[in-house]
Structures are given as structure tokens and as C-alpha cells.
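# Examination of the molecular architecture
Here is how the chains run, residue by residue.
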Amino acid sequence: MSAIRNRLEKNNKKLGTWAARLPTDAWRLYDRDIPEYPFIVDIYLDQAVVWDRSDSTIDQEKNHLPELLTALREVRGLSPENIVIKKRERQEGVKQYERIDEKKEFFVVREGKARLKVNLRDYLDTGLFLDHRPMRYRIQRLSKGKKVLNLFCYTGSVSVFAALGGGTVTSVDMSATYLDWAKENFELNRLDPKNHEFVQSDVLQWIPEAPAASYDLIFLDPPTFSNSKRMSGTFEVERDQDLLVESCMRLLRANGVLYFSNNKRGFRLSPKLSSLYDVRDISEETIPPDFHDRKIHRCFEIRSR
């Protein structure tokens, strides 16, 4: 038995049981566990997304993708048409959200008590960031009776969990497409979108104009890099974190909490923020057990002193 077949079988037995118990239909089966097989495999019900992270200049005879696909079909019993292959390269700004196909093959996966719509083919990402699963559960637990703000909300999965937890949620994103997707996710969970707020706006322009002391809980998950008129043409999360976090802290009520997450490799929190606020690095406890890569994101819990 090949090394990759053996690893997929072990992971499938261990993580498949874990995912069923959680329960979730969307989870990571393989995360570049073996250096010679630089792939990521995400399971969505009876389908899979394979992220090819291999060097594009690799010799064909050293290309292990066909071997991985054979092992995946055998271990998971997947037909070839139910495996989506994507080449993951560095994405900046809004590129990761641009449409790449028009198949419109949406389907619903469960995560805990939530139901969420995904699309494996039309965009680079699927509509659900699997690494934020623990954060979604945390926000659900903390949201009862709270006013919650979800910035750069994407398809609103965090907003759904906040609403299921009993919060009233404001979701802000520049994309009308993703806000519509978020509203559909609310309806899937029998949550009336009219009882919540969906704002189409550039988050970096919206924050300074939002009323102060309006929210009990804020989830802030900005892109690593983006174009913005307010940031002299560009936004870079590490460079501009002081302004961004301070602007968000202005929106918090007394005893409120900001969760600041980003996926920049090697990100370092600004010493200024540590001096101004009570900051706790909760990265390790917010990365799920199905992720071999423990540096997939950094996440901080920030409170006023």
C-alpha cells in the first residue's frame, strides 16, 4: 500500500468518526501531512476539493497528484466527477472571491445545528472557511441577547451561528453576491433576514462612520491585502492593524469583545495594541483538529482595559 493511500485511510477512519460525532459534513481529510504529497483534501458530503499546492515546474514523473486521486477515490468511494481539483496560489485582495466558473452547483452541508450553502466549482473558495469552525461555535455560545457585528462577512456563516445563538447580527461586506448568499444561509436556518442587518459597503470606509458603542461582540477577519481608498490605495493587514483594530474597538460597548483573525503567515500583533488593550492570543484553541497546518490563521481576543 502506498504512503498516501495509507495516510488517507488512517485520516478517514479517525477524522471521519470525529466529523460524524461533531457533526459536520465539511471537514479536512488531508493537509499536506506528507511533504512529497503537497495537497489538501477537503470533504463536502459526498464530494471533495483537492487543492494542488505542488510547484508548477515539477517533473511529471514526480507529480503525485494522479496517485492521490486514485487513493482518494478508493478510500472515500468517490466518482471522478465528484472530485474538484484547484490550484491554490497566492491570492491578493478580492481575487480569491472572483467567479471562475458558471456551473451554479450549490448544495447544503450541515455544521452542528446550522445548514450552510456551498459551491465547489464557481469560485476559488467554496463559501465556507473550514478553519473558522471553532470560532463559529464560540460565537454561537457567546451571542445570546447580544448585538453582533461580522465584518468582511463573506457568505455569513459566522453571522448564522451568532443568530442561532440568540444574537442580533449586522453583516458587512462589499459584495452583493455574498450578502445575498448570506441571506440565503439565514433562510436555510429559519432565521428571518429582516430581523438582522446586511450592509453592502467597503468595510474600511464603513467602520469610521458606524455609531460608537453599538456592539457587544465583533468578529473581524480581514483579507491579508486589499485595495481601499481610505488606505492610500492599499490595505495590508499587518501594516494597518492599529487603525483597523482601534476603529473597531470604538464600536464596542462596555465589556464587549473583539475577535481579530487573519491568515497572514508570520503575522505579528502590534505592540501598540498590546499596550492599549487586554489581548489574548487564542490561535491554537481556534484551529480545528482536522487541520495539520497549525499556522492556518492567527486569532486574538481583544477587550478594553
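Each remark here, short or long, concerns the structure printed above.
Since the model is a prediction, treat every value here as computed from it, not as a measurement.

Attention shifts here to the pattern of salt bridges. Inspection of every chain in the model, using the stated rule, returns 27 salt bridges. Here Asp42 makes a salt bridge to Arg28, at a shortest N to O gap of 2.6 Å. Here Asp42, found in strand β2 (residues 39–44), pairs with Arg28, found in strand β1 (residues 26–31); they are 14 residues apart in sequence, far enough to count as distant. We note that Asp42, like Arg28, is buried. Through salt bridges with shared partners, one network takes in Arg138, Arg280, Glu285, Glu301 and Arg303.

Two elements in contact, helix α1 (residues 3–21) and helix α2 (residues 65–76), have axes separated by 9 Å at closest approach and are oriented at 35°. Handedness of the α1/α2 crossing: right-handed. Contacts between α1 and α2 involve Ile4, Arg5, Leu8, Glu9 and Asn12 from the first element and Glu67, Leu68, Ala71, Leu72, Glu74, Val75 and Arg76 from the second. Grouping the amino acids of the contact of α1 with α2 by side-chain chemistry returns six nonpolar, one polar and five charged.

In terms of burial, β1 is largely enclosed, as six of its six residues are buried. As paired elements, β1 and β2 share five bridges and run antiparallel to each other. By the bridge assignment for β2, Tyr30 is matched with Val41.

Calculation notes
Residues numbered from 1 in each chain as written. Predicted model: local features only at pLDDT ≥ 70, side-chain atom pairs only at ≥ 80, totals over all residues. Heavy atoms only, no water. Salt bridge = Lys/Arg side-chain N within 4 Å of Asp/Glu carboxyl O. Helix = DSSP H or I, 4+ residues; strand = E, 2+ residues; numbered from the N terminus. Buried < 20%, exposed > 50% of the residue type's maximum accessible area, 1.4 Å probe, protein only. Axes fitted to C-alpha atoms, helices over the stretch in contact; angles between N-to-C directions. Left-handed = near helix turned anticlockwise from the far one by under 90°. Contact = heavy atoms within 4.5 Å. Nonpolar A, V, L, I, M, F, W, Y, C, P; charged D, E, K, R; others polar. Pairing = 2+ DSSP bridges.

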